[in-house]
Amino acid sequence: MVDLPGRPSRRSFLKATVASAAVTSIPIGMPHAKAAELPSLDAYKPVYFDAAEWSFILAACARLIPSDGEGPGAIETRVPVFIDLQLAGDFGKAADWYMEGPHTPDANPLLGFQSPLTPAEIYRKAIPVFQDWCKTTHGDAFEKLDPETQDAALTSLEKGEVKLAPELRDFFSFLLQNTKEGYFADPMYGGNHGMQAWVHVGFPGARGSYTEWVHNYNAEYPLGPVSISGERA
Amino acid sequence: MARQDPKKDVVVIGLGWTGSIMSMELAQEGLEVLALERGDDRNTVPDFQYPNIIDELKYGIRYELMQKPRKSTLTIRHGLDDTALPYRHLGSFLPGDGVGGAGAHWNGQNWRPQEPEYRLRSYVEETFGADIIPEGMTIQDWGVTYEELEPYFDQFEKVAGISGKAGNLNGEIIEGGNPFEAPRSSEYPMPPLPHTYDADLFSKAAKAKGLHPFPRPSANASEAYTNPYGMQLGPCNFCGFCERFGCLNYSKSSPQVCILDALKRKPNFSYKTNSEVLKIEKADDGKTVTGVTYFDEKANEEVFQPADLVLLCAYSLHNVHLLLLSGIGQPYDPATGEGVVGKNYAYQMTGGTRLYFKDKQFNPFIGTGSNGISIDDYSISQIDFAKEGFIGGSYITAGQTNGRPIQSMPLPPGTPKWGKAWKEAAGEWYGRSMAIGSHGSNMSYRDCYLDLDPTYTDRHGRPLMRMTFNWKQNDIRMTQFMKARIEEIAQSMNPDMIASGYKKEGSQYDVRPYQSTHNVGGAIMGAERKTSVLNKYLQHWDCHNLFVMGASAYPQNIQYNPTGALGGLAYWSAAAIRKDYLANPRPLV
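If you're wondering where the values come from, they're calculated on a predicted model, not measured in any experiment. (Residues numbered from 1 in each chain as written. Chains lettered and ligands numbered in written order. Predicted model: local features only at pLDDT ≥ 70, side-chain atom pairs only at ≥ 80, totals over all residues.)

Caption draft 1: The interface of chain A and chain B, seen in detail. Listed as interface residues are 51 residues of chain A and, on the opposing side, 55 residues of chain B. Those elements giving two or more residues to the side of chain A that touches chain B turn out to be helix 2 (51-64), helix 7 (171-184) and helix 8 (196-201) of chain A. Sorting elements by how many residues they give to the side of chain A that touches chain B places helix 7 of chain A first, with 4 residues. Considering only residue class, the side of chain A that touches chain B consists of 27 nonpolar, 13 polar and 11 charged. (Contact = placed C-beta atoms within 7 Å. Helix = DSSP H or I, 4+ residues; strand = E, 2+ residues; numbered from the N terminus. Nonpolar A, V, L, I, M, F, W, Y, C, P; charged D, E, K, R; others polar.)

Caption draft 2: The arrangement of the sheet that holds strand 21 (residues 497-501) of chain B in detail. All names here are of chain B. One open sheet holds the 6 strands; their spatial order is 8-16-17-18-15-21, and the pairing between them is antiparallel. In the strand order of this sheet, the two ends are held by strand 8 (214-215) and strand 21, each with one partner. Strand direction decides the pairing type here: strand 16 (residues 373-375) and strand 17 (residues 394-398), joined by 3 bridges, are antiparallel. Each residue of the ladder has a partner; that of S374, found in strand 17, is T397. The sheet contacts of helix 7 (residues 197-208) involve strand 16, strand 17 and strand 18 (433-440), and relative to strand 16 the element is tilted by about 30°. Contacts from helix 12 (residues 473-492) reach strand 15 (349-356), strand 17, strand 18 and strand 21, with the element oriented near 20° to strand 15. (Pairing = 2+ DSSP bridges. Axes fitted to C-alpha atoms, helices over the stretch in contact; angles between N-to-C directions.)

Caption draft 3: A look at the sheet that holds strand 5 (residues 85-86) of chain B. All names here are of chain B. If you trace the 4 strands from one edge of the open sheet to the other, you get 5-4-20-19, paired in mixed fashion. Strands with a single pairing partner mark the edges of an open sheet, and in this sheet they are strand 5 and strand 19 (449-457). Here strand 4 (residues 74-77) runs beside strand 5; their pairing, made up of 2 bridges, is antiparallel. Pairing of T75 across the sheet is with P86, part of strand 5.

Caption draft 4: Expanded view of the environment of B:P555. Residues and elements named next belong to chain B. As for its position among the elements, P555 is in the loop between strand 22 (546-548) and helix 13 (563-581). For P555, a count of 26 C-beta atoms within 10 Å translates into the label buried. Counting along the chain gives 394 residues from P555 to G161, while the straight-line C-alpha distance between them is 27 Å. Setting aside its immediate chain neighbours within four residues, P555 contacts I139, Q140, W142, N344, S444, G521, I524 and G526. (Buried ≥ 20, exposed ≤ 12 C-beta atoms within 10 Å, placed from the backbone.)

Caption draft 5: The packing of helix 1 (residues 17-27) of chain B against helix 13 of chain B, seen in detail. Residue and element names in this part refer to chain B. Contact geometry of helix 1 with helix 13 gives a least axis separation of 10 Å together with a crossing angle of 25°. With respect to helix 13, the axis of helix 1 lies roughly parallel. Helix 13 is crossed by helix 1, and the crossing has right-handed handedness. Listed contacts from helix 13 to W17, T18, I21, M22, E25 and L26 of helix 1 are T563, L566, G567, A570, Y571, A574, I577 and R578. Classifying every residue of the contact of helix 1 with helix 13 by side-chain character gives 9 nonpolar, 3 polar and 2 charged. (Parallel < 35°, antiparallel > 145°, perpendicular 65-115°, else oblique. Left-handed = near helix turned anticlockwise from the far one by under 90°.)

Encoded structure:
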């Protein structure tokens, strides 16, 4: 049996069928299927980030979408893994973007992204600047601060109170956007582990067929999400 | 040294909606037609097939099917004294790329303009007086009338397979349709789609106010349908992955679903992908073009492709760019108002109000691109411009298109953007809001135009095009008028909260958030060669064997989505070429 790139093969269809047969035996009411064992985030070997950057990303994601309260946090959903893989890939490299000079990074923000740096380079250069600011302002590296102080530091970063060079000014917006992307994207990109974020909001994922529900007004949709690979929750 | 290929009767630049239409219509004449598409080949299978296409990150956020700015982009500035900077990654608008063009990944909101929109300047002058047109506004008549175009709208709607309900059949007003639409010669090819809960609530509220709700005309099929080319559509399944995605279900009208497989069976039609046209070549006499030079990516060389007839069918912005690069037609000069190429670039004025209901569940993932109920009570033909102090209008709609959670996570005003409160609000509110949107016109102005950038170049070393554009008071007044109307309707629906987003006094054009891929003008049609690029048949005034399709022909933007109008124009132009031009090639006006 030959798997053609980009085409669903009979083999992948069988794999999906086996996977769905396995999950149908899970009792109703269980919030999500048990996904395959993956290394803990501490044991994960980042593709793009170095150890210091990884510590920061884990800590920052844990505050942007924290684990306490209703719904999963960025850590349980493995959002940092998503960000690491995105920065190692085309997004991190700005592979599709027009990056020719001259650059005017301090231009009117309404004219959009104007940095000469790729998103991956912006993370790399901005994290140490923010860490230095945390040490100067709050007395320690970001990941060592208590959660309330971490929130205050991120708020300062968001409001532009942390002095970043103009070519780094989009750092916080990338960090927040990438965190939400990792929370809600299909699990095959490394985040949204177990589709927990989809379960949390009630998005059925890749089901992609709702004709009979169009006129079922104001009623809760009963089915949980499926992923592109056939995972169910 | 460029390779030279054997001559073709017709070369078509770009294989989106208009390129597919023109290729089919001229292939039916027995002509040898070659289409050159700069992007990749694309078809429903494998490119749009389930489940791979149901991938919000890849297609909806990283824009897999869109133009890559690295390959092609433009620069943007607000005013004549500013320095334009590159549109480095996509935001405000998303030009298509590849076979099918933007026609593969649009929402499918398919409209006909109103009668007065085609003769807007005359309509305003006759009805309200020329003195209400503000200084610097450069609106023009199109040089063609709705009445002339009507049979060709009908033709496009039958090919595309549009679902809807007529409101004006040959002058007779039909209950349940849009009573303010221009007269139609026949009913829509398919009945309206079913609509979602949000649209139902809006419809009832609008009706209670004495307004005239009707199903939004839709290029998402409501039933099984076979079009005049023998192409088949199946009923839409409301998958919620419409705009930014190719249709997995053969339901959304696109060149792929409606034309291309029938076209590819014609032995006198061929197409090449990854073939970006660099220049349209002008003949020595300046009265015709001789063909095009394109870059063949596979062969890594430039090719001169001679042709008797050149049809420029790229995205509107690229049509203008290519005319400027080719030196065809006089470039527009905003200082003098002279010249035509690049003149009257316009955009789309949109806004919306979101309604939050603690006790309602909208299941926002149940959606399709042109779902919903609209009203046209505040459309261009219904507004007293003199009284309201602006020229323009909008249609207003409720109808959810998607609940994809990265892009569509509207939360009540005051919700933090991150942290525990954001996360919990997402869980609580994801399914509990709906929107009412205004889709409005944008007038043309002396200092909103397109020319070549003095600094930035593309991968071929050609100057990028430069867009000079900003919002103007007239159009801001229009959208503020719509805000007031929409908020009245919204409040009557008793939501727990509302949040409005409209351009307001002082709003500047922001290229970052997505607004609309309805970039129009720059190669406008008109009644006089001095003030337009194209005559009423979309034929270039200077070079009679060059025809330019698409929304670049609009002298200002209509209040509707542009595709229905450009489909009708393409069939109108094709008919003129077939019936009149081919037998005796010459300027048709």
